[in-house]
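As a plain string of letters, each chain reads:
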Amino acid sequence: MHPAKSVIYFTTASGAGYGLMVWLAVMGAFGFLPADRTFGIIGFGLAFFLIISGLLSSTGHLGRPERAWRALSQWRSSWLSREGVSAILTFGPTGLYALGWVVLGQNAGLVGLIGLVGALMCLITVYFTSMIYASLKAIPAWRNRWTSLGYLLMALMSGALIMLALQAVFGLGLITVTIKISVALLGLSGVLKLAYWRAIQTDPPRSTAESATGLGRFGMVRMIESPHGEDNYLLKEMGYKVARKHAGKLRRIALVTGFILPMAMVAAIMVLGLPYVAALSFLALISAGIGLVVERWLFFAEAKHVVTLYYGNSKV
Amino acid sequence: MTRLPQNPSKVKLGLVIDLDICVGCHACAVNCKEWNTSGKMAPLTDIDPYGAKPDGVWFNRIHTYEAVDEVAGTSRTVHFPRSCLHCDDAPCVTVCPTGASYKREEDGIVLINTDICIGCKLCSWACPYGAREYDEDEGVMKKCTLCVDKIYNENLPPESRVPACVSTCPAGARSFGDLGDPDSDVSKLVAARDGYALMPEQGTKPVNRYLPPRPKKVGDAVAPRLLEHHDDSNDGAGLLARWVDKVLSA
């Protein structure tokens, strides 16, 4: 599949924004983080910036962005519509929670409860985002058990790393809790990514050139003449091949920069002690950011669409 | 709107494509483009049509495949027109976030309302058959309409009220009709020839059917005898020529 920059930014940035929002709510509501005003302004500002810029970016690949509001109407059947509706509804409790923190200086009690409701809705929104992809049968690399779990874990992981960096700068809250959460999430999402790559390589093909044409009864099917000499929309959008050539190398880059290096850096904070916390948490965040962009690019570029069976692929 | 019809009628209009007959001439694609570029889904934009990398929206794409059985040492070459199958369980309809993509309750035709389409392309990702193409110029998706503006058009003579691809096929490889009615001509044709759906494992329940190429007849493997020209008659030749012929034949 063609990896559109707008969608890569959307899924990584708004994922990280929702992840950060979850940790702001959980850490605040359970008393791991005081309702410091400056911390709140920076933290919520960053979370809302990531979420909103991601959502706006997702409208960037539309042919008719001025009609984007229409996408909110079909929540009964469409995951994309559900995602849009959920994203807008989520601004309610998360906005109230941010106001409670910044204006009233509270993040526990009732405010904390509103925050936790917001956190749950953030997770639901990320899940809906993942289902846009995981619901497509025509793309087996997306329609599997790993896709939604991956989106959720990586949103929480990137959010936790931002939270860690913020806490390091402000010297606020129980930073050891955030360190443990970050290490656990980096480990889990790294393992999940490995399992995902293994699955898309070893899962039996869902469709073949024989089932696509129905000509399997005569033998192995191969295309001998394409309908057109130049690439059409289908081949440009669905027949993206660049990543597969470098897939192995890119997977290693994603794994090392996205999960292994950040995990080592965050774990090193525990060993080296708090004087290094700011430098190490920022390095971990930058590294994970690069890794997640590569990971997301691969998620799109590596995924094969069954329509390519009509254009010379033998199985998908 | 983008939910599939809650009370679909029994009518399921669709195409039956006979792969035994299709000669791969692309006439269906050309006439489809001709009709539809000024039809409901108009225009079928072309980008750089005379340049080095022409691209454009087409509702029909004609592939040619070879099916090889290496054990038996046989192969078949099959021309294969590909277009929208107007699926009963159309995933392109249910993924649409705006309601632009819909399946008609009365006859099952899958259409796009290009006035409200936002061009998110998700329907083209959901379709296993590549039936939907993006119009870069208009920023919306386009697809086969089963010539909805032709098949019901009372200004046309009844025999012309079939999709453009069907009326133009010089070999008669394409048939149009109600596949929801077991007694219709197309349904009988499908039953008689073991017509099949493409990629049933994708769960989309396509309406269109393909008829498989007929088995080869025994003896087909032997090439026909060369024709030799034997012309013993001298009808119409001149008197002198006929005399020379008679003398030399003696």
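Participant: Whenever I open this one, the sheet that holds strand E1 (residues 13-18) of chain B confuses me. Can you help?
Facilitator: Sheet strands pair by backbone hydrogen bonding; their relative direction is either parallel or antiparallel. All names here are of chain B. One open sheet accounts for 3 strands, arranged E10-E1-E11; its pairing is mixed. Strands with a single pairing partner mark the edges of an open sheet, and in this sheet they are strand E10 (174-178) and strand E11 (209-211). Geometrically, the sheet is characterised by an average inter-axis angle of 25° between neighbouring strands, direction not taken into account. Inspection of the sheet shows E1 paired to E10 by 5 bridges, in the antiparallel sense.

Participant: What am I meant to see in the side chain of B:Asn208 here?
Facilitator: Residue and element names in this part refer to chain B. In this fold, Asn208 is placed in the loop between helix H6 (185-193) and E11. On the basis of relative accessible area, Asn208 is assigned to the buried category, the value being 1%. Looking at Asn208, its side chain comes within polar contact range of the main-chain nitrogen of Leu15, at 2.9 Å. A distance of 3.0 Å separates a polar atom in the side chain of Asn208 from the backbone oxygen of Cys84. Ignoring any residue separated from it by four or fewer positions in sequence, one finds Asn208 in contact with Gly14, Leu15, Ser83, Cys84, Leu85, Leu179, Tyr196 and Ala197.

Participant: Looking at this structure, how should I read the sheet that holds strand E1 (residues 220-225) of chain A?
Facilitator: The 3 strands are arranged E1(A)-E4(B)-E5(B) in an open sheet whose pairing can be described as antiparallel. The outermost strands of the open sheet, each flanked by one partner alone, are E1 of chain A together with strand E5 (74-82) of chain B. Averaged over all pairs of adjacent strands, the angle between their axes in this sheet comes to 30°, without regard to strand direction. The pairing of E1(A) with strand E4 (residues 61-69) of chain B spans 5 bridges and is antiparallel. Within E4(B), the residue paired with A:Arg222 across the bridge is B:Glu66.

Participant: Would you take a moment to explain a nonpolar patch on the surface for this structure?
Facilitator: Residues and elements named next belong to chain B. Side chains of Leu240, Trp243, Val244, Val247 and Leu248 sit close together on the surface and give an oily, nonpolar patch of about 560 Å² of accessible area. Structurally, Trp243 is set in helix H7 (residues 239-249). Trp243 sits in the exposed class, given a relative accessible area of 56%.

Participant: What am I meant to see in the interface of chain A and chain B here?
Facilitator: Every contact between the two is made by 59 residues of chain A and, on the other side, 60 residues of chain B. Summing both sides of the interface, chain A and chain B together bury roughly 4900 Å²; the carbon and sulfur share of this comes to 57%. For chain A, the biggest contributors to the area lost against chain B are A:Phe218, A:Tyr233 and A:Tyr310; these three give 15% of the whole. There are 3 salt bridges connecting chain A and chain B. Notably, a salt bridge pairs B:Glu66 with A:Arg222, separated by 2.7 Å at the nearest N-O pair. In this structure, the connection of chain A to chain B is made through 30 residue pairs in polar contact (both at pLDDT 80 or more).

Participant: How should I be thinking about the nonpolar core in this particular structure?
Facilitator: One broad trend across soluble globular proteins is that nonpolar side chains are buried collectively. In terms of nonpolar packing, the biggest core is built from 152 residues, with A:Trp142, A:Tyr310 and B:Trp125 touching the most fellow members. With near-sequence residues (within four places) excluded, A:Trp142 lies in contact with A:Met1, A:Tyr133, A:Ala134, A:Leu136, A:Thr147, A:Tyr196, A:Phe299, A:Phe300, A:Ala303 and B:Trp125. Judged by nonpolar contacts, the second largest core, of 6 residues, contains B:Val16, B:Leu179, B:Val190 and B:Val207.

Participant: I would appreciate a short explanation of the packing of helix H1 (residues 5-29) of chain A against helix H3 (residues 79-102) of chain A in the present structure.
Facilitator: To characterise two packed helices, one gives the angle between the axes of the helices and the distance between these axes. All names here are of chain A. The geometry of H1 relative to H3 is characterised by a closest axis approach of 12 Å and an angle of 40° between their N-to-C directions. With respect to H3, the axis of H1 lies oblique. Between H1 and H3 the crossing geometry is left-handed. Contacts from Phe10, Tyr18, Met21, Leu24, Ala25, Gly28 and Ala29 in H1 reach Glu83, Ala87, Thr90, Thr94, Tyr97 and Trp101 in H3. Partitioned by chemical class, the residues of the contact of H1 with H3 number 9 nonpolar, 3 polar and 1 charged.

Participant: Would you mind showing me how to read the environment of A:Gly118 here?
Facilitator: Residue and element names in this part refer to chain A. Its location among the elements puts Gly118 in helix H4 (residues 109-134). Spatially, the C-alpha atoms of Gly118 and Gly84 are 16 Å apart, while their sequence positions differ by 34 residues. Discounting chain neighbours no more than four positions away, the residues touching Gly118 are Thr90, Pro93 and Thr94.

Participant: Even after reading the chapter, I still don't get unusual backbone geometry, so can you show me in this structure?
Facilitator: Most peptide bonds take the trans configuration, and most residues that are not glycine carry a negative phi. Residues and elements named next belong to chain B. In the segment running from Ala42 into Pro43, the intervening peptide bond is cis, with an omega of -10°. Structurally, Pro43 is set in the loop between helix H1 (27-36) and strand E2 (46-47). Even without being glycine, Lys121 reaches a positive phi, approximately 70°. Relative to the elements of secondary structure, Lys121 occurs in the loop between strand E7 (110-112) and helix H3 (122-126). Look at Leu146: it is not a glycine, yet its phi comes out positive at around 55°.

Participant: Hey, could you run me through the pattern of salt bridges in this one?
Facilitator: Oppositely charged side chains can pair when the atoms bearing their charge come close. For the structure shown, the criterion picks out 18 salt bridges over all chains. The closest approach of N and O atoms between B:Asp20 and B:Arg214, which form a salt bridge, is 2.9 Å. Here B:Asp20, found in the loop between E1 and H1, pairs with B:Arg214, found in the loop between E11 and H7; they are 194 residues apart in sequence, far enough to count as distant. Residue classification places B:Asp20 among the partly exposed positions, given a relative accessible area of 28%. A residue is classified by how much of its surface remains accessible, and B:Arg214, at 41% relative accessible area, is partly exposed. Note that B:Arg104 and B:Asp107 form a salt bridge whose closest N and O atoms lie 2.9 Å from each other. For the pair B:Arg104 and B:Asp107, one class covers both residues: buried. Where salt bridges share partners, they join A:Lys193, A:Glu295 and A:Arg296 into one cluster.

Participant: So what exactly am I meant to see when it comes to the packing of aromatic side chains here?
Facilitator: Given two aromatic rings, one states the distance between the centres and the angle between the planes to describe the pair. One pass over the full model with this rule turns up 25 aromatic pairs over all chains. Ring centres of A:Tyr133 and A:Phe300 lie 5.3 Å apart, and the angle between their planes is 90°; this geometry places the pair in the edge-to-face category. Note that A:Tyr133 is positioned in helix H4 and A:Phe300 in helix H10 (residues 277-301), a separation of 167 residues in sequence. Judged on exposure class, the residue A:Tyr133 and its partner A:Phe300 are both buried. Taking 5.2 Å as the distance between ring centres and 10° as the angle between the ring planes, the aromatic pair formed by A:Trp142 and A:Phe299 counts as stacked. Placement of the pair is A:Trp142 in the loop between H4 and helix H5 (146-170) and A:Phe299 in helix H10, with a sequence separation of 157 residues. The same class applies to A:Trp142 and to A:Phe299, which are both buried. Grouping aromatic residues by their ring pairs yields a cluster made of A:Tyr133, A:Trp142, A:Tyr151, A:Tyr196, A:Phe299, A:Phe300 and B:Trp125. B:Lys121 extends its terminal NZ or CZ atom over the ring of B:Tyr134, reaching a point 4.4 Å from the ring centre. If you follow B:Lys150 out to its NZ or CZ, it ends over the ring of B:Trp35, 5.6 Å from the centre.

Conventions we followed
- Residues numbered from 1 in each chain as written.
- Chains lettered and ligands numbered in written order.
- Predicted model: local features only at pLDDT ≥ 70, side-chain atom pairs only at ≥ 80, totals over all residues.
- Heavy atoms only, no water.
- Pairing = 2+ DSSP bridges.
- Helix = DSSP H or I, 4+ residues; strand = E, 2+ residues; numbered from the N terminus.
- Axes fitted to C-alpha atoms, helices over the stretch in contact; angles between N-to-C directions.
- Buried < 20%, exposed > 50% of the residue type's maximum accessible area, 1.4 Å probe, protein only.
- Polar contact = N/O pair within 3.5 Å; in protein donor to acceptor, adjacent residues only side chain to side chain.
- Contact = heavy atoms within 4.5 Å.
- Patch = residues over 30% accessible without salt bridge, like charges linked within 9 Å, V, L, I, M, F, W, Y side chains within 5 Å.
- Areas by Shrake-Rupley, 256 points an atom, 1.4 Å probe, with all protein chains shown as cover.
- Salt bridge = Lys/Arg side-chain N within 4 Å of Asp/Glu carboxyl O.
- Buried area = accessible area lost by both parts, 1.4 Å probe.
- Core = buried A, V, L, I, M, F, W, Y, C linked by side-chain atoms within 4.5 Å.
- Parallel < 35°, antiparallel > 145°, perpendicular 65-115°, else oblique.
- Left-handed = near helix turned anticlockwise from the far one by under 90°.
- Nonpolar A, V, L, I, M, F, W, Y, C, P; charged D, E, K, R; others polar.
- Phe/Tyr/Trp six-rings, centres within 6.5 Å; stacked < 30°, edge-to-face > 60°.
- Lys NZ or Arg CZ within 6 Å of the ring centre and 35° of its normal.

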